Amino acid sequence: MSLLEINGVTKHYGVLKVISNLTLNVDEHEVVCLIGPSGCGKSTLLRCINRLEEISSGEIRIHGDRITGPGVDLDRLRRDIGIVFQGYNLFPHMTVLENTILAPTKVLGMGKREASEKAMAFLERIGLAHKANEYPDRMSGGQQQRVAIVRALMMDPMLLLLDEITSALDPELVSEVLDIVRDLAARGMTMILATHEMGFAREVANRICFLQAGQVYEQGPPAELFGNPKGERTQAFLRSLKKAGRI
Amino acid sequence: MAGSSPELHSETGRAATWRARGTTQTHGLRTTLTLVVAIFCFFLVAVSAQHIGSYAVEQGVSKVAALIPGGIAAVAAGYVLLLAIRAAMKSAAARRSGDVYEARALGAEASLASWKALSWSGALLVVTAGAWFMAVNDAAVSRTFFDLELIQSSAGKVIWAFGTNVTIFAVSAVLILVWSLLIAIARTLPGEAGRPLRYLATAYGDLFRGLPAIITIYLIGFGLPLTNLPILSDLGSTSYAIIALTLTYGAYTSEVYRAGIEGVHHSQVAAARSLGLSHTKTMRYVVVPLAVRNIIPPLMNNCISLQKDTALVAIIGTIDAFNQSKIIAANNFNLSAVTTVAILFIVITIPQARLVDKLIDRDRKRMRAGG
């Protein structure tokens with residue numbers, strides 16, 4: 001059984017259909033990259049998985065348990081599904097350490113000392129232990145995004161959603177964030193990434209899904225999808241990226 | 001380079017027009033007019049200072065005390081005159097100068113000096129008019145509002161009564177901060193289930209923002225004692241004043257809080273909720289702390305108007321500074337004691353107003369810095 005099953009999900013805002021009858025399964029320890037043009041529904045799909053957005057029809061299951069529809073404990077669900085946003089969204093009135101231990105202490109009831117030790121271990125791993133008492137606005141975008149990843153990891157999520165996490169970064173800061181994702185992939189973290197970093201997607205993903213008009217238009221292993229795309233739209237998308245020098 | 005594009009071919013034409021336009025402004029007319037205004041102003045101030053000063057001496061004010069304000073005004077007017085003369089001279093020098101760039105610099109200096117002289121003249125004329133207002137009709141205005149003897153003899157009583165205003169202010173400020181936050185949270189409750197409380201909070205806000213504060217105070221201060229309710233009908237008038245002001249200002253301040261809560265970017269809420277924090281915990285740890293940071297200046301503004309509105313409680317007979325001074329005024333047929341109250345209010349509110357300005361300034365700078 002897959003960790004995540006998305007069955008015939010549709011999402012529309014009024015008349016605008018963002019996701020249309022989309023089906024996708026993700027297995028445990030799998031890294032799936034969603035690629036595609038702007039507005040193809042990548043971000044919306046991720047936000048539907050942890051129910052920051054409500055789907056219009058279809059269903060989503062985690063380990064076979066349906067998490068869409070009424071009566072689902074959303075706070076409980078979101079403990080186990082981490083998300084990292086394009087704009088970091090760190091809490092500006094809290095230090096790095098406070099940002100990372102807020103949810104473990106207030107949601108899981110973990111002791112402050114225990115949570116701090118755990119957070120410091122993570123921060124050590126990503127080389128930001130010395131910034132633990134710094135406020136987010138005193139740090140670079142890359143550093144903030146790494147902290148945001150740690151904040152999500154502190155809840156030991158079984159699935160991590162990464163929503164264009166390098167899109168707001170200056171080019172020279174992208175690699176420090178991607179290094180962490182690479183490391184997580186090596187440790188077997190199940191992840192779904194919406195990304196424009198094709199080189200990285202090719203390297204880290206087990207599977208690439210090309211989204212088009214709210215559907216999975218084509219999917220396959222990176223080598224196949226980038227090397228020998230079957231669909232016309234996929235070919236056109238990759239061609240335009242090549243022209244822009246992004247592959 | 002030259003002639004590489006068609007636009008550049010016409011450069012001689014453009015250059016010619018450009019140079020033809022490049023005249024030098026010497027501001028001759030403005031500096032002349034300024035000089036006239038400054039001379040007029042100087043004479044007016046000098047004559048007024050002499051008149052009002054000698055009148056004050058006749059009334060028994062010491063010569064030194066009468067001389068100081070008049071002297072300052074005269075010196076200021078002389079400074080203005082000097083400025084105007086300098087402006088006129090610079091302007092004349094600009095006209096004579098053969099060097100275009102020097103002439104331009106002189107013209108600019110003349111322009112600035114003449115504006116300065118004009119604005120100083122304006123200010124001096126207003127001050128002089130004020131002085132005349134105090135002095136005309138045998139100094140009726142000064143005597144009515146600024147009877148120094150009465151101010152001195154009544155100051156003790158008035159300042160003591162001002163303690164009541166401070167008490168009312170301090171207690172209701174604390175109550176308002178808590179009460180209005182509760183209202184604001186009720187107004188931002190989510191979903192279907194939150195609707196009844198949301199509507200109730202909205203109705204409360206509409207009602208007490210619509211009611212003039214003085215009417216609320218009157219209704220509560222005179223109404224509750226008539227109800228024979230336990231506790232509520234036996235309070236002192238200070239307590240009624242506190243209740244009324246808390247209800248009125250709670251409505252205004254809850255709007256400030258609400259604006260702050262709604263001003264917190266939704267991405268912050270998304271981040272908190274996606275970590276598994278409930279609505280309540282998100283409000284408690286993320287939204288409200290961020291909101292409060294953003295609304296400190298408007299909260300302080302409310303605080304200042306609350307302090308001033310403590311004077312409204314005089315209507316229900318609370319012996320606050322205003323009521324006390326009214327009693328003194330009625331006994332003496334002179335309003336100078338009320339002036340004392342006015343001065344007290346001004347003295348405590350001005351520093352706060354400056355502080356608010358400073359806070360707003362700091363926020364603006366931080367915004368510009370991109371934090």
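Residues numbered from 1 in each chain as written. Chains lettered and ligands numbered in written order. Predicted model: local features only at pLDDT ≥ 70, side-chain atom pairs only at ≥ 80, totals over all residues.

### Quick look at the overall build of chain B
So the rule is basically this: Elements are defined by DSSP. Helices are runs of H or I of four residues or more, strands are runs of E of two residues or more, and each kind is numbered from the N terminus. Just to be clear, the radius of gyration here is over C-alpha atoms, and the globule rule we use is 2.2 Å times residues to the power 0.38. Partly exposed residues are those falling between the two cut-offs: more than 12 but fewer than 20 other C-beta atoms within 10 Å of their own, whereas 20 or more means buried and 12 or fewer means exposed, with C-beta atoms placed from the backbone. By definition, residue pairs are in contact when their C-beta atoms, positioned from the backbone, come within 7 Å.
Looking only at helices and strands, one finds 13 helices and 0 strands in chain B. The order of α-helices and β-strands along chain B, N terminus first, is α-α-α-α-α-α-α-α-α-α-α-α-α. Taking 2.2 N^0.38 as the reference for a compact globule, 371 residues should give roughly 21 Å; the C-alpha atoms of chain B span a radius of gyration of 31 Å, well beyond that estimate. Counting every position in chain B, which comprises 371 residues, the buried fraction comes to 32%. Sequence separation of 24 or more characterises 76% of the internal contacts of chain B that already satisfy a separation of 6 or more.

### Overview of the sheet that holds strand 8 (residues 191-194) of chain A
Residues and elements named next belong to chain A. Our working rule: Strands qualify as paired when DSSP identifies two bridges or more between them. Every angle, taken between N-to-C directions, lies between 0 and 180 degrees, and every axis is a line fitted to C-alpha atoms, over only the stretch in contact when it is a helix.
Taken in spatial order, the 6 strands make up an open sheet running 6-7-8-3-9-10, and their pairing is mixed. At either margin of the open sheet sits one strand with a lone partner, and together these are strand 6 (81-84) and strand 10 (215-220). Put simply, the sheet's adjacent strands are angled 20° from each other on average, direction ignored. With 4 bridges joining them, strand 7 (residues 159-163) and strand 8 adopt parallel strand pairing. Within the sheet, the bridge partner assigned to Leu 162 lies in strand 8 and is Leu 193.

### Considerations on the domain arrangement of chain B
Put simply, the test is: Segmentation into domains, and thus their bounds, comes from an automatic or database assignment.
When the domains of chain B are assigned, the result is domain 1 (25-143) and domain 2 (150-369). Each of domain 1 of chain B and domain 2 of chain B was reduced to a C-alpha centroid, and the two centroids are 44 Å apart.

### What to know about the interface of chain A and chain B
For clarity, the cut-off: Gly falls in the polar group here, along with every residue not listed as nonpolar (Ala, Val, Leu, Ile, Met, Phe, Trp, Tyr, Cys, Pro) or charged (Asp, Glu, Lys, Arg).
The partner chain B presents 17 residues to the 17 residues of chain A that form the contact. Taken together, the elements giving at least two residues each to the side of chain A that touches chain B come down to helix 2 (74-80) and helix 3 (96-106) of chain A. Among the residues forming the side of chain A that touches chain B, the class breakdown is 8 nonpolar, 4 polar and 5 charged.

### Describing the packing of helix 6 (residues 148-187) of chain B against helix 7 (residues 195-210) of chain B
Residue and element names in this part refer to chain B. Put simply, the rule is: Any angle that falls under 35 degrees is termed roughly parallel, while one over 145 is termed roughly antiparallel, one within 65 to 115 roughly perpendicular, and all others oblique. Two helices cross in a left-handed way if the nearer one is turned anticlockwise from the farther one by less than a right angle. They cross in a right-handed way if the turn is clockwise.
For the pair helix 6 and helix 7, the least separation of the axes is 7 Å and the interaxial angle reads 130°. By the angle class used here, helix 6 and helix 7 are oblique. Both helix 6 and helix 7 take part in a crossing whose hand is left-handed. Of helix 7, the residues touching helix 6 (which contributes Ile 183, Ala 186 and Arg 187) are Leu 197, Arg 198, Ala 201, Thr 202, Tyr 204 and Gly 205. Partitioning the contact of helix 6 with helix 7 into residue classes produces 5 nonpolar, 2 polar and 2 charged.

### A few points about helix 4 (residues 63-96) of chain B
Residue and element names in this part refer to chain B. Which entries qualify depends on this criterion: Here the expected span of a helix is defined as 1.5 Å times the quantity of residues minus one.
For helix 4, built from 34 residues, the straight-helix expectation of 50 Å at 1.5 Å per residue is met to within 8% by its first-to-last C-alpha distance of 48 Å. Gly 70, Ala 73, Ala 77, Val 80, Leu 81, Leu 83, Ala 84, Ala 87, Ala 88, Lys 90, Ser 91 and Ala 94 are the residues of helix 4 that are buried. On its buried face, helix 4 sits against helix 3 (28-58) and helix 5 (100-145).

### Section: the nonpolar core
Keep this limit in mind: By definition, a nonpolar core groups buried Ala, Val, Leu, Ile, Met, Phe, Trp, Tyr and Cys residues that connect through C-beta atoms lying within 7 Å of each other.
Of all hydrophobic cores here, the largest spans 87 residues; its most connected members are A:Leu34 and A:Leu161. Not counting chain neighbours up to four residues away, the residues in contact with A:Leu34 comprise A:Lys42, A:Leu45, A:Ile192, A:Leu193, A:Ala194, A:Cys209 and A:Leu211. Counting residues in each nonpolar core, the second largest holds 29 residues, with B:Phe169, B:Ile217, B:Ala251 and B:Val313 among its members.

### Looking at the pairing of strand 4 (residues 57-62) of chain A
Residues and elements named next belong to chain A. Alignment of strand 1 (residues 4-13) against strand 4, held across 5 bridges, turns out to be antiparallel. Bridging from a neighbouring strand, Leu 4 pairs with Ile 62 of strand 4. Hairpin remark: strand 4 followed by strand 5 (residues 65-66), antiparallel, with 2 residues in the connecting loop; positive phi at His 63, about 50°.

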